[in-house]
Structure formats: C-alpha cells, structure tokens
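Per-entry structural report
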Amino acid sequence: MMNFLRSLFGGPRGSAADRSGLYVYVRPTGCDEVIRVRINLLNDLSESDEGGSYFVHKLARGVKCRQNIEIDLAFDGQRRIREQHITGGEFVDAAAYEAWLQASPPPAAP
C-alpha cells in the first residue's frame, strides 16, 4: 500500500524521486519562519516572449507570518535558474529550513 502511495504522489517531499519539483526557501522580512516553496518545472513555468527561456512568479505566505512574499525566477532553456528576485523576504538555503523545523513546535490542531 505504501509503495502505491509513493508512486501516486512521487515519493517523499523533496526527494530525488520528485524530478519535476524545484524547491526554494524563503524567510519573510522581520520573521524567523522559513517557508519551502515548490515550483513544478513542467507546469508552473511560462515561456518568455522571446522564446527559449522561462519565468515563474510565485506568491508565498507562511503559517506564522501572514505577510506575502513575491518570488520571481527566470530560467534558461534547460530550466536552470539564471535570475531570482524576491519582495517581502529573503532567499535562504535548505539548511535554514531544516534548522527552523527543528526549532519550531508543531502547529496546533484546528
């Protein structure tokens, strides 16, 4: 049963099995929360007007910090990031996200 679910959802989040997912990590301005944002490289990207390159605009909002973060990424023809811009926060790495998860209590049940 577990293998069926893994095949259905592409395995654990952030795993090598998630080949179409790119994860970026952001921290809202004035907050310690770190948010993981998944970009689907097959469905989320839009082709640029010039062709041969792509872009994506994402809006993220954390659970603890409710302010919007705008993420703009530009990709080359092989879907590799060539430019990144953020408004309302800063880019951080996966290690910062893991450290924040370890230091944060689990959210309360609704």
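Scroll up to find the structure this text is about.
The paragraphs below set out a description of the structure included in this document. (Residues numbered from 1 in each chain as written. Predicted model: local features only at pLDDT ≥ 70, side-chain atom pairs only at ≥ 80, totals over all residues. Heavy atoms only, no water.)

Next up on the list: unusual backbone geometry. Despite not being glycine, Arg-79 shows a phi value in the positive range, around 60°. Looking at the element boundaries, Arg-79 is found in the loop between strand S5 (68-75) and strand S6 (81-87). (Helix = DSSP H or I, 4+ residues; strand = E, 2+ residues; numbered from the N terminus.)

Membership of the largest hydrophobic core comes to 14 residues, with the highest contact counts inside it found for Val-37, Ile-39, Leu-45, Ile-71, Leu-73 and Phe-75. Elements with a minimum of two residues in this core: strand S1 (21-28), strand S2 (35-40), strand S4 (54-61) and S5. Excluding its chain neighbours within four sequence positions, the residues that come into contact with Ile-39 are Ser-20, Gly-21, Leu-22, Val-24, Asp-44, Leu-45, Val-56, Lys-58 and Leu-73. Residues Tyr-25, Val-92, Ala-96 and Trp-100 belong to the second largest nonpolar core, which totals 7 residues. (Core = buried A, V, L, I, M, F, W, Y, C linked by side-chain atoms within 4.5 Å. Buried < 20%, exposed > 50% of the residue type's maximum accessible area, 1.4 Å probe, protein only. Contact = heavy atoms within 4.5 Å.)

Okay, the environment of Gly-30 next. Inspection of the secondary structure assignment puts Gly-30 in the loop between S1 and S2. C-alpha of Gly-30 to C-alpha of Gly-89: the two residues are 59 residues apart in sequence and 8.2 Å apart in space.

In this section: the pattern of salt bridges. Note on pairing: side chains with opposite charge can pair once their charged atoms come close. If you walk through the whole model with that rule in mind, you get 6 salt bridges. Across the pair Asp-18 and Arg-38 runs a salt bridge, and its minimum N-O distance is 2.7 Å. Note that Asp-18 is positioned in the loop between helix H1 (2-9) and S1 and Arg-38 in strand S2, a separation of 20 residues in sequence. One salt bridge connects Lys-58 with Asp-44, and the closest N-O pair in it is separated by 3.1 Å. Residue Lys-58 is found in strand S4, and its partner Asp-44 is found in the loop between S2 and strand S3 (46-47); the two are separated by 14 residues along the sequence. The class for Asp-44 is partly exposed, based on a relative accessible area of 26%. (Salt bridge = Lys/Arg side-chain N within 4 Å of Asp/Glu carboxyl O.)

All chains considered together, the criterion is met by 1 aromatic pair. Ring centres 5.3 Å apart and planes at 40° place the aromatic pair Tyr-25 and Tyr-97 in the tilted group. Taken together, the positions of Tyr-25 in strand S1 and Tyr-97 in helix H2 (residues 94-103) put the pair 72 residues apart, joining distant regions of the chain. Here the two residues Tyr-25 and Tyr-97 agree in accessibility, since each one is buried. The ring centre of Tyr-54 lies 4.5 Å from the NZ or CZ of Arg-79, which sits over that ring. (Phe/Tyr/Trp six-rings, centres within 6.5 Å; stacked < 30°, edge-to-face > 60°. Lys NZ or Arg CZ within 6 Å of the ring centre and 35° of its normal.)

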